[in-house]
Amino acid sequence: MFSFTVEKEDTHSSARTGELVTPHGVVKTPVFMPVGTRGSVKGILPNQLKAIGAQKILANTYHLLLRPGPDVVEALGGLHAFMGWDGPILTDSGGFQVFSLSELNKISEDEVAFVSHIDGKKMLLSPKIATEVQNKLGADIIMAFDECVELPCERDVMEGAVKRTLRWAELSLEAHRRTDQWMFGIVQGGTDESLRQYCCEALIELDFPGYAIGGLSVGEGHDLLVKTACYTANLLPKNKPRYLMGVGTPRDMIGAISGGVDMFDCVMPSRNGRNGFAFTQGGTLRMRNAIHTTDKGPLDEKCDCYTCQNFSRGFLRHMFLVGEMAGPILVSLHNLSFYQWLMAQTRLAIEENRFDAWAQRWANYDLVRKQIA
């Protein structure tokens, strides 16, 4: 039911294209996964995701554990039926949210006790519980439970988190009961290369079918993020997929792809879209700015998404100013389409042996601000 094949390797970097086969379809890599935190990508329907070329989406274990609960999702036919999405799905383990959303949590060697950010209810999450929840949800790819540490931190704190992550990885594998789900191990270690290497080597011994790089995009900056991601990716087996968790600016992704990363997810295109921030091939736009008031043009002249084919910048600005939901929905849809276009063109650049020039085009993209008043 599962396989991963590297199809083309860049001659000047570690960038590569690949094919990931899952029970719910084939995914071409590098790939960006839209985030459907609670079972839905905010404001975007599954058929719209299909139309823009989304191949795989992510759902969040922590949020689905709290509401509606894994038993409800299972009773409703599993995550694919629940979400109305027949393509591949990945679920994270919930670890990041436990440490980022709960102000009160207590870590032991076997579990994390935390307080729900919704109603203050006391909860437990452990490798066994996180795995059982993901088994019930039924995503194609699930994640081992790990400990996320906020940066910067003392080395001994990070070292303790790495060792706990490795122990939890073993327990997650022991608890995993479904053969129609692949479980990925998660590499932690912050920006400390020696800890990253130690974590990689130990996880490789456990022989996961794929590996994620966690603990980045937490304020370390672009250069250090890419350096750490590329260093880590090149320690991992070449014949298995590599997933950089929660990273999603164009230049961060292209930089990580140069080091051999295959998969990405991030809330950035949809969250920024809801806040009137648009990604275009020429730069970024803030749709509330007065410069767009009478602009008849689309967000991006080169884009063929539904938003760009039917609505002007002036209309979209008006939607944001009057609080109509059409504005956030349409800009989110465009942003997600842009991200799918970016991945498709990146795959093509690797296949045509021009990735180096393509990467240079995006090296300073996030610093560009186009037509901002």
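Every chain is numbered independently, its residues counted from 1 as its sequence is written. Local features are withheld for residues below a pLDDT of 70 in this predicted model, meaning they are given only at 70 or higher, and side-chain atom pairs are given and counted only at 80 or more; totals for whole chains, interfaces and linings count all residues. Where side-chain values are given, they derive from all heavy atoms of the structure, hydrogens and water being excluded.

**Q** Residues and numbers for the pairing of strand β9 (residues 122-125), please.
**A** Each regular strand shows side chains that alternate between the opposite faces of the sheet. Remark: exposure states derive from per-residue accessible area (1.4 Å probe, protein chains only) relative to the maximum for the residue type, with buried under 20%, exposed over 50%, and partly exposed in between. Note on conventions: DSSP H or I runs of at least 4 residues are helices, E runs of at least 2 residues are strands, and numbering of each starts at the N terminus. Taking every second residue as pointing to the same face, the buried face of β9 carries M123 and L125, while none of K122 and L124 on the other face is buried. DSSP bridges decide pairing: two strands pair if at least two such bridges lie between them. As paired elements, strand β8 (residues 112-115) and β9 share four bridges and run antiparallel to each other. The residue bridging V112 from the neighbouring strand is L125, located in β9. Hairpin connection from β8 to β9: six residues lie between these consecutive antiparallel strands, with G120 at a positive phi of about 80°.

**Q** Explain the packing of helix α7 (residues 155-175) against helix α8 (residues 193-206) to me, using residue names and the numbers behind them.
**A** When two helices pack together, you describe them by how their axes are tilted relative to each other and by the distance separating the axes. The axes are straight lines fitted to the C-alpha atoms, using for helices just the contacting stretch, and the angles between their N-to-C directions are given from 0 to 180°. Interhelical geometry of α7 versus α8 gives an angle of 10° and a closest axis separation of 11 Å. Taken together, the axes of α7 and α8 are roughly parallel relative to one another. Seen from α7, the contacting residues are R155, M158, E159, V162, K163, L166, A169, E170 and L173; seen from α8, they are S194, L195, Y198, C199, A202, L203 and L206. In the contact of α7 with α8, the residues fall into eleven nonpolar, one polar and four charged. Should an angle lie under 35 degrees it is considered roughly parallel, over 145 roughly antiparallel, and from 65 to 115 roughly perpendicular; all remaining angles are considered oblique. Only heavy atoms matter for contacts: two residues are in contact if any of them lie within 4.5 Å across the pair. Polarity classes work like this: nonpolar for Ala, Val, Leu, Ile, Met, Phe, Trp, Tyr, Cys and Pro, charged for Asp, Glu, Lys and Arg, and polar for all others, with Gly in that last group.

**Q** Any details on the sheet that holds β8? Residues and values, ideally.
**A** Spatially, three strands are ordered β7-β8-β9 in an open sheet, and the strand pairing comes out antiparallel. Unpaired on one side and paired on the other, β7 (105-107) and β9 mark the two borders of the sheet. Strand-to-strand twist of the sheet, defined as the mean angle between neighbouring strand axes without regard to direction, takes the value 15°.

**Q** So, unusual backbone geometry: which residues are in play, and what are the values?
**A** The linkage connecting T29 with the following residue, P30, adopts the cis geometry, with an omega of 5°. Locating P30 in the fold gives a position in the loop between β3 (25-29) and β4 (31-33). One non-glycine residue, D207, adopts positive backbone phi at about 60°. As for its placement among the helices and strands, D207 is situated in the loop between α8 and β12 (210-213). The backbone phi angle of N353 is positive, close to 60°, even though this residue is not glycine. For N353, the position within the fold is in the loop between α14 (326-351) and α15 (355-361). Its relative accessible area of 39% is what places N353 among the partly exposed residues.

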